[in-house]
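Structural overview for review
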Amino acid sequence: MIGQGVLNMNTISDKVMFYRGALVPMAATFAYSILVMIYVIIRSSLTIYGSMPKGERSLILWLNGFSVAYSVMIFSLIMAMVSSLVGAVTALILKKVLLHFNPQFQWNKVLIISFTTALALLTIHYLLLRIFLNGYMTFDYPETFLFWWGFPAVIFLGVVVVGSYQFNKALLGQHLKGNSTSN
Amino acid sequence: MKHIKRFVSYTLFFYATTALIYWIFIRPLHLSWGATFKEINKAMPADSLISPNRVVTTRAINIQAPRERAWPWIAQTGQNKGGFNSYHWLENLFGASMVNADSIVRQWQHPVPGDTIYYGKHQGYQTISLVKPNECYSLGGWSFYLHAIDSGNTRLIIRYPSMEVGQSRWTSIYYYGLFEPLHFIMESGMMMGIKHKAERQK
């Protein structure tokens, strides 16, 4: 029966958790950046299309498109470094929390623990931003809030929950394998 | 995990290609977008405000309207006035609280040297350094010139003194990586915004 026995703490090393925890948010940052890139290129191109005469459009469309892509790329590389670090630390925290509170790998507990941990980390992140960027944080426009915090927070929640699910699946697999070998 | 690794690798390859294209083809063109060789090298009234060790860009655009119709939009430039006529939705992502005026506001039509112009809410500002109505407007060296081609057409030329050469590595990364392309996006957007508004005005 699933959920029997206590886990061996060394089945998935901290090094592996750190590496995977760093890689997944990096990919998520890149994916988000590419979506932002596409959105900005399309929206600004529509404006250009409406302002410039036919013969003068193509050059500015290319220049604008690549300038958007290049600047988003630089920003996304910086953010990928930050999010990798945050992701790696989050993965280690999650591992400890899951092993401590869910030694029997129950799926419903995984969902609750990962969701709660992600929410707690997001709350800390939000409070830190409020403290350090108080004068500069403005959510006057919903798109500002969604762009800088709303969408990344949703992605973070999703990554943490899915990552925890995968982690639990791997642990469970190893556990069952261990049980069948010993039998 | 294999798919994620592959996605990261492809993205990095895409980024490297984009950077290469940007540096070889795009940047040399956007530094003087629309400007002729003569305009790039021409001495302008506000050039004295630009220190010689700066990277300078000169960009130009044709406006199918007399310069008197383009001027009011330049005169009311500023976050604390009629906006920058550029991509306000992009500026607002950075918390600028920018609103582009859709009409000419009479109270903003008389800028004078010394007036403070904000780039965004809680952000940088500059004072107006030179004003010649219908001809020239300068914000600490960032200068807008209106040249009449004929009675119904105008040339808008913008000269911008950006980073001083010989800066630290981090400043250079910030400048060449972010500031310069973003400034081009916003400045070209502004030029097209002024063109659009001047041309539609009756």
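Provided above is the structure to which this section pertains.
Residues numbered from 1 in each chain as written. Chains lettered and ligands numbered in written order. Predicted model: local features only at pLDDT ≥ 70, side-chain atom pairs only at ≥ 80, totals over all residues. Heavy atoms only, no water.

So, about the interface of chain B and chain A. Opposite the 42 residues of chain B that make contact, chain A presents 47 residues. Of the roughly 3,900 Å² buried between chain B and chain A on both sides combined, carbon and sulfur atoms contribute 78%. On the chain B side of the interface with chain A, the three residues burying the most area are Tyr 15, Trp 89 and Leu 93 of chain B, jointly 19% of the side's total. At the junction of chain B and chain A, the tally comes to four residue pairs in polar contact (both at pLDDT 80 or more). Those elements that place two or more of their residues in the side of chain B that touches chain A are helix H1 (2-30), helix H4 (88-93) and helix H5 (169-200) of chain B. Taken together, the residues of the side of chain B that touches chain A sort by class into 29 nonpolar, 10 polar and three charged. (Contact = heavy atoms within 4.5 Å. Buried area = accessible area lost by both parts, 1.4 Å probe. Polar contact = N/O pair within 3.5 Å; in protein donor to acceptor, adjacent residues only side chain to side chain. Helix = DSSP H or I, 4+ residues; strand = E, 2+ residues; numbered from the N terminus. Nonpolar A, V, L, I, M, F, W, Y, C, P; charged D, E, K, R; others polar.)

For the rest of this paragraph, the subject is the packing of helix H3 (residues 67-75) of chain B against H5 of chain B. All names here are of chain B. Running from amino to carboxyl end, H3 crosses H5 at an angle of 130°, the nearest separation of the two axes being 8 Å. In terms of axis orientation, H3 runs oblique to H5. When you trace H3 past H5, the crossing you get is right-handed. Together, Arg 69, Ala 70, Trp 73 and Ile 74 of H3 and Ile 194, Lys 197, Ala 198, Glu 199 and Arg 200 of H5 make up the contact between the two elements. Per-class residue counts for the contact of H3 with H5 are five nonpolar, no polar and four charged. (Axes fitted to C-alpha atoms, helices over the stretch in contact; angles between N-to-C directions. Parallel < 35°, antiparallel > 145°, perpendicular 65-115°, else oblique. Left-handed = near helix turned anticlockwise from the far one by under 90°.)

The next thing to look at is the pairing of strand E6 (residues 153-164) of chain B. All names here are of chain B. Of all 12 residues that make up E6, 10 are buried, and the element is covered over most of its length. The pairing of strand E1 (residues 54-63) with E6 spans nine bridges and is antiparallel. Note that in E6 the partner of Arg 54 across the bridge is Glu 164. Taking the residues between adjacent antiparallel strands as the criterion, strand E5 (residues 142-150) and E6 are bridged by two residues. (Buried < 20%, exposed > 50% of the residue type's maximum accessible area, 1.4 Å probe, protein only. Pairing = 2+ DSSP bridges.)

The next point concerns the pattern of salt bridges. Residue and element names in this part refer to chain B. Applying the stated criterion to the full structure yields nine salt bridges over all chains. With a closest N to O distance of 2.9 Å, Glu 187 and Arg 59 form a salt bridge. With a gap of 128 residues between them, Glu 187 in helix H5 and Arg 59 in strand E1 connect regions that are remote in the sequence. Taken individually, Glu 187 and Arg 59 each receive the classification buried, so the pair is uniform in this respect. Here Asp 115 makes a salt bridge to Lys 81, at a shortest N to O gap of 3.9 Å. (Salt bridge = Lys/Arg side-chain N within 4 Å of Asp/Glu carboxyl O.)

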